Amino acid sequence: MRTIHIAASRSYDVLLDEGLLSRSGRLASHVLPPSRVMVISDSTVSALFGGIVLDSFARAGYKAFSFTFEPGERSKTLATLGGALNALARAGFTRGDCVAALGGGVVGDLAGFAAAVYARGIPFLQLPTTLLAAVDSSIGGKTAVNLDAGKNLAGAFWQPSLTLCDTAVMRGLPAHLQAEGAAEMIKHATLADPELFARLANPDPAVRSDNLEDTLERNLMIKRALVQADERDKGVRQKLNLGHTIGHAVETVSGHGYTHGQAVAIGLYRIARAAERMGYAGSGLSDSIRQVLTLTGLPYNCPLTADDLLTAARLDKKRDGSATTLVVPRGIGRCDLVKVDDEGLAEWFRAGSPD
Ligand code: GLY
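The structure presented is a predicted model; accordingly, all values stated were derived computationally and were not measured.

Colleague: Just to check I follow, could you spell out the overall build of the chain for this structure?
Modeller: Looking only at helices and strands, one finds 15 helices and 11 strands in the chain. For a compact globule of 355 residues, the expected C-alpha radius of gyration is about 20 Å, and the chain comes in at 20 Å, within 12% of that figure. Principal-axis analysis of the C-alpha atoms gives the chain an extent of 60 × 45 × 35 Å. Put simply, the chain has 355 residues, and 55% of those count as buried. In the chain, once contacts between residues fewer than 6 apart in sequence are set aside, the share between residues at least 24 apart is 74%. When the accessible area of the chain is evaluated, it comes to approximately 14,100 Å², of which 51% is carbon and sulfur surface. Mean positive and mean negative side-chain charge positions of the chain (37 and 37 charges, respectively) differ by 5 Å.

Right, dumping it as structure tokens:
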């Protein structure tokens, strides 16, 4: 078992090992004395792993309850949040009790937000069941639901008390969920780890999938460094948005015709291309990124033009007044934050667009 310790406003461990879901209750009891636990999940994940987790908590002495909702981004609403909060209240949860988020990014964000606001905050555990959640959303304490006006517009920083990444679950994921997680891993590698990038870009699929625990650990170390330096996302943590300014616009303008991972992949390629054209990166960067994305089964481009995407990007919640902070790669393993006004944003988007 590997342990990565995160030192933030609440410090906690991320554990990586095979079979952690069936040990979740006992592992949780080391940090949260047995109490009531609400296992929040979606119906797909609950059917696969809900029984194992509820049973594990019950065996460890917890009184275990479950709240389940329909899978997908469309459930990440105030209405579902209200359902979860009412379920906690009906079951008599108090500040001594806890929530366990069992699922991917949608479940983790929603369950984490429910824990952040119920009774002004109760502890929660992250039990990620997708690669994307394991390497990104289950650590760092960002929790949220979507509003009609945009993604993640209502949320809170609320760190979990423990994150358990069951590597057996990660290995068993279907190809499309592997690709979703790979998009964030390629992002991390481009940001900070040329060796990880070389591993992910290896043409031999066995090399790419070997040493899963090591690959996950490297990703978590990259995210940990940025979260520890800037938990509230005011500065360097924003580097984790590499590929996301264009990516979020691709998701919005296509009406979610591209998944988050696909949109980030397109955003990553386009910002690399723009960095080359604007003189920030040497030639070859976008080719390297295109190759690794293609190998992973992710797109690197789409028919949407810069002008198609600019309106959506100008509405992005990450803007500060009329300024947008772009994450600009300078080479594999190195990137800078570059603040631009609307005119600058248009210039960057156009420089990254297909000819
Ligand atoms: N997913 C980006 C962050 O946690 O800051």
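Colleague: Would you explain the layout of surface pockets in this entry?
Modeller: Any space left empty among the atoms is revealed by the rolling of a water-sized probe across them. Taken as a whole, the second largest pocket spans an internal volume of roughly 420 Å³. Along the walls of the second largest pocket sit 17 residues, with Gln178, Ala182, Met185, Arg208 and Ser209 positioned nearest its centre. Those elements that place two or more of their residues in the lining of the second largest pocket are α6 (167–171), α7 (175–192), α9 (205–209) and α10 (212–229). By residue number, the principal contributor to the lining of the second largest pocket is α7, which donates six residues. When grouped by side-chain class, the residues that make up the lining of the second largest pocket number 11 nonpolar, four polar and two charged.

Colleague: Which parts of the structure should I look at to understand the packing of helix α12 (residues 260–277) against helix α15 (residues 342–352)?
Modeller: Two elements in contact, α12 and α15, have axes separated by 7 Å at closest approach and are oriented at 105°. By the angle between their directions, the pair α12 and α15 is classed as roughly perpendicular. When α12 is examined against α15, the residues Arg270, Ile271, Arg273, Ala274, Ala275 and Arg277 are found in contact with a partner set consisting of Trp348, Arg350, Ala351 and Gly352. Of the residues contributing to the contact of α12 with α15, the split by class is five nonpolar, one polar and four charged.

Colleague: Before we go on, may I ask you to explain the packing of aromatic side chains in this structure?
Modeller: Two descriptors summarise a pair of aromatic rings, namely the distance from one centre to the other and the angle between the planes of the rings. Taken as a whole and judged by the stated rule, the model has five aromatic pairs. Judged by centre distance (6.5 Å) and plane angle (45°), the rings of Phe67 and Phe69 are tilted. Phe69 carries the same exposure label as Phe67, and that label is buried. Above the ring of Trp158, the side-chain terminus of Arg10 is found at 4.6 Å from the ring centroid.

Colleague: Would you mind showing me how to read the nonpolar core here?
Modeller: For soluble globular proteins, nonpolar side chains are generally found buried alongside one another. By size, the foremost hydrophobic cluster in this structure holds 64 residues, and its most contacted members are Val14, Ile186, Val250, Ile289, Trp348 and Phe349. By residue number, the principal contributor to this core is α12, which donates nine residues. Excluding residues within four positions of it along the chain, Trp348 makes contact with Ile271, Ala274, Ala275, Met278, Tyr280, Leu326, Val328 and Val340. Counting 26 residues, the second largest nonpolar core, distinct from the first, contains Met38, Ala87, Val106 and Val145.

Colleague: Sorry, what's going on with the pairing of strand β8 (residues 150–157) here?
Modeller: Where strand β7 (residues 142–147) meets β8, five bridges bridge the pair, whose relative direction is antiparallel. Residue pairing across strands places Leu147 opposite Gly150, the latter belonging to β8. As consecutive antiparallel partners, β7 and β8 are separated by two residues.

Colleague: What is the right way to read the site of the ligand from this model?
Modeller: In the region of the ligand, the neighbouring residues are Asp136, Lys142, Lys223, Arg237 and Leu240. Within the side chain of Lys223, one N or O atom sits 2.6 Å away from an oxygen atom of the ligand. Arg237 places a polar side-chain atom, nitrogen or oxygen, 2.8 Å from an oxygen atom of the ligand. Here the ligand, which alone exposes 200 Å², has 87% of that area covered by the protein.

Colleague: Looking at this structure, I do not really get empty space enclosed by the protein. What am I missing?
Modeller: Tallied over the entire structure, the rule returns one cavity of 30 Å³ or more. Approximately 50 Å³ is the volume found for the largest cavity. As for the largest cavity, its lining consists of Asn241, Leu242, Gly243, His244, Thr245, Ile246, Gly267, Ile271, Leu326 and Val327. Taken together, the elements giving at least two residues each to the lining of the largest cavity come down to α11 (244–253), α12 and β10 (324–331). Here the lining of the largest cavity takes three residues from α11, the largest share from any one element. The residue inventory of the lining of the largest cavity, partitioned by class, reads five nonpolar, five polar and no charged.

The rules behind each value
Residues numbered from 1 in each chain as written. Predicted model: local features only at pLDDT ≥ 70, side-chain atom pairs only at ≥ 80, totals over all residues. Heavy atoms only, no water. Helix = DSSP H or I, 4+ residues; strand = E, 2+ residues; numbered from the N terminus. Rg over C-alpha atoms; globule rule 2.2 N^0.38 Å. Buried < 20%, exposed > 50% of the residue type's maximum accessible area, 1.4 Å probe, protein only. Contact = heavy atoms within 4.5 Å. Areas by Shrake-Rupley, 256 points an atom, 1.4 Å probe, with all protein chains shown as cover. Lys, Arg positive; Asp, Glu negative; His and termini not counted. Charge placed at Lys NZ, Arg CZ, Asp CG, Glu CD. 1 Å grid on protein atoms, 1.4 Å probe; cavity = no way out; pocket = protein on both sides within 12 Å on 5 of 7 lines; lining within 4 Å. Points joined across faces, edges and corners; volume = space filled by probe spheres on them. Nonpolar A, V, L, I, M, F, W, Y, C, P; charged D, E, K, R; others polar. Axes fitted to C-alpha atoms, helices over the stretch in contact; angles between N-to-C directions. Parallel < 35°, antiparallel > 145°, perpendicular 65-115°, else oblique. Phe/Tyr/Trp six-rings, centres within 6.5 Å; stacked < 30°, edge-to-face > 60°. Lys NZ or Arg CZ within 6 Å of the ring centre and 35° of its normal. Core = buried A, V, L, I, M, F, W, Y, C linked by side-chain atoms within 4.5 Å. Pairing = 2+ DSSP bridges. Near = heavy atom within 4 Å. Polar contact = N/O pair within 3.5 Å; in protein donor to acceptor, adjacent residues only side chain to side chain.

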